Amino acid sequence: MAALSDQAPGPGRVPGRGPESDPGTGSGADSGSGTDSGSETDTGSGLLPAVRTRATRTRTRGAAAVLLAPFFVLFAAATLAPIVYALWLSFFKQHVSGLGFGGPPTSVFAGLGNYLDVLKDPAYRDGFLNVALFAVIYVPLMLVGSLGVALLLDSTLAKAKRFFQLSLFLPHVVPGIIAAIVWLYLYTPGVSPVVSALQSGGISFDVGSPWVAVPSLVNVALWEVLGYNVVIFYAALQAIPREVLEASLIDGASELRTAWSIKLPSIRASVGLVGLFTAIGVLQLFQEPLQLNQVFPAVIGTQWTPNLYGYVAAFKNSNYGYASAGSIMLAVVCGLLSFGVTRLSNPWRQS
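The rules we used
- Residues numbered from 1 in each chain as written.
- Predicted model: local features only at pLDDT ≥ 70, side-chain atom pairs only at ≥ 80, totals over all residues.
- Heavy atoms only, no water.
- Helix = DSSP H or I, 4+ residues; strand = E, 2+ residues; numbered from the N terminus.
- Buried < 20%, exposed > 50% of the residue type's maximum accessible area, 1.4 Å probe, protein only.
- Contact = heavy atoms within 4.5 Å.
- Core = buried A, V, L, I, M, F, W, Y, C linked by side-chain atoms within 4.5 Å.
- Phe/Tyr/Trp six-rings, centres within 6.5 Å; stacked < 30°, edge-to-face > 60°.
- Salt bridge = Lys/Arg side-chain N within 4 Å of Asp/Glu carboxyl O.
- Expected span 1.5 Å × (residues − 1).
- Patch = residues over 30% accessible without salt bridge, like charges linked within 9 Å, V, L, I, M, F, W, Y side chains within 5 Å.
- Areas by Shrake-Rupley, 256 points an atom, 1.4 Å probe, with all protein chains shown as cover.
- Axes fitted to C-alpha atoms, helices over the stretch in contact; angles between N-to-C directions.
- Left-handed = near helix turned anticlockwise from the far one by under 90°.
- Nonpolar A, V, L, I, M, F, W, Y, C, P; charged D, E, K, R; others polar.

(A) Inspection of the overall build of the protein at higher detail. In terms of regular secondary structure, the protein is built from 14 helices and 2 strands. The buried share of the protein, reckoned over its 351 residues, is 29%. Long-range contacts, defined as pairs at least 24 residues apart, comprise 67% of the intrachain contacts of the protein with a sequence gap of at least 6.

Pasting the structure below:
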């Protein structure tokens, strides 16, 4: 009986469990408290990395803002401020009282009057026609010429590639005004050895002919920019996986077939980029016709391009309202042309 009473469960006793497993004992309490403290530690350790990540992001953004601040300050001072000031000037005209003896001219608000007057001026409209004529000759020659030279440099038959890359790129390093002066010398009859050699060979060189003046201007622009575009195309060609080109040659494709079927489709994005730069550069044509006007004054006038029109209006006629209005409209045309070229080239790149 005593043995049975010892084995019977008593108050607070759970059958099959010893005193050490009693939830009321110290060990059970310690076990529960250990679980609670562990959960608090896990929660704290989860919050600490989040706080550290947030602090790291804040420091990274602050460092980026400090490093980018000089660029944005210079961009605002050198680009945004002149645009805003030109837009402001385009709404005002210079008014002179009497016959010009009533004191200095005063600025009068004209609204869109300057824009309408510039659009009515045939010299401004003819400038866009001249640029279009220039583009018809220049853009195809630029794209085909630079693509052809880049493909030749990328072919397996090309030798001394680095030398030819440097030689083609060097004219781009020469400032545009210096290049125009050099070609001005080469185009001047009686001074240029090239013109003298052509004339001695029985080849007539009529400087004042439109069939000579515009192609001569195109030649100057090609000489300056062709090497730059060759470098862009050559870099894009070098990015094509070599195993693809090797597989094409193993299959028996010729260099011409490989260039047409593999290389050209692979660099469509670069072709679209160069086409966009070329279109914008054509509308910004300035220093080449400014210098060649001394040789071809009858064909390339002082207002031959929209940029030259603004230059003459501002610095020769002191009509800053006209010049600003013409410049703003030229910027709008450049923006629309860039948008159009981008939209046309995107489906081509994705096809």
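(B) How the structure looks around the environment of G335. Within the secondary structure, G335 sits in helix α14 (residues 320-350). In sequence terms G335 and I280 are 55 residues apart; their C-alpha atoms lie 8.7 Å from each other.

(C) Spotlight on the nonpolar core. F134, Y138, Y187, L292, F296, I300 and W304 are the most contacted members of the largest nonpolar core, which totals 40 residues. Elements with a minimum of two residues in this core: α3 (113-120), α4 (122-154), α6 (176-187), α8 (210-238), α11 (268-283), α13 (306-315) and α14. Tallying contributions element by element places α8 first for this core, with 8 residues. Discounting residues that sit within four places of it in the chain, L292 has contacts with A180, L184, Y187, L217, V220 and I300. The next biggest cluster of nonpolar side chains, apart from the first, holds 17 residues, and it includes L237, I240, I267 and V271.

(D) Region of interest: α13. The buried fraction of α13 amounts to 7 of the 10 residues, a majority that puts the element mostly inside the structure. P306, L308, Y309, G310, V312, A313 and A314 are the residues of α13 that are buried.

(E) Structural detail: the packing of aromatic side chains. Tallied over the entire structure, the rule returns 15 aromatic pairs. Taking the centre distance of 5.1 Å and the plane angle of 65 degrees together, the rings of Y124 and Y309 count as edge-to-face. Taken together, the positions of Y124 in helix α4 and Y309 in helix α13 put the pair 185 residues apart, joining distant regions of the chain. Centroid distance F286 to Y311: 5.5 Å. Interplanar angle 70 degrees. Geometry classified as edge-to-face.

(F) Inspection of the pattern of salt bridges at higher detail. The tally for this structure, following the rule as stated, stands at 3 salt bridges. Across the pair D117 and K93 runs a salt bridge, and its minimum N-O distance is 2.8 Å. Residue D117 is found in helix α3, and its partner K93 is found in strand β1 (residues 92-95); the two are separated by 24 residues along the sequence. With relative accessibility at 22%, the residue D117 sits in the partly exposed group. Using a relative accessible area of 32% as the deciding quantity, one classes K93 as partly exposed. In this structure, the salt-bridge partner of K263 is D154, at a minimum N-O distance of 2.9 Å. With a gap of 109 residues between them, K263 in helix α10 (residues 255-266) and D154 in helix α4 connect regions that are remote in the sequence. Comparing K263 with D154, the two get one shared label, buried. Through salt bridges with shared partners, one network takes in D154, R242 and K263.

(G) Structural view of α11. Taking 1.5 Å of rise per residue, the 16 residues of α11 would be expected to cover 22 Å, and the 23 Å separating its terminal C-alpha atoms lies within 8% of that figure. Buried residues of α11: S270, V271, G272, V274, G275, L276, T278, A279, V282 and L283, and no others.

(H) Expanded view of the side chain of Q291. Mapped onto the secondary structure, Q291 falls in helix α12 (residues 287-292). Judged by its relative accessible area of 13%, Q291 falls in the buried class. The contact partners of Q291, leaving out residues within four places of it in the chain, are I177, A180, I181 and L184.

(I) Molecular detail of a nonpolar patch on the surface. On the surface, V174, I177, I178, I181, V182 and W223 cluster together into a nonpolar patch covering about 450 Å² of accessible area. Counting residues per element, the nonpolar patch draws most heavily on α6, which supplies 4 residues. When you line up the elements, V174 lands in the loop between α5 (161-173) and α6. The exposure class of V174 is partly exposed, given its relative accessible area of 30%.

(J) Region of interest: the packing of helix α9 (residues 242-250) against α10. The N-to-C vectors of α9 and α10 enclose an angle of 150 degrees; their axes lie 11 Å apart at closest approach. The way α9 lies across α10 gives a crossing that is right-handed. On the side of α9, the interface is formed by V244, L245, S248 and L249, while α10 contributes T258, I262 and K263. A per-class count over the contact of α9 with α10 returns 4 nonpolar, 2 polar and 1 charged.

(K) Expanded view of the side chain of S324. Structurally, S324 is set in helix α14. Look at S324 and you get buried, because its relative accessible area is 7%. If we ignore the near neighbours within four places in the chain, the residues touching S324 are A86, L89 and S90.

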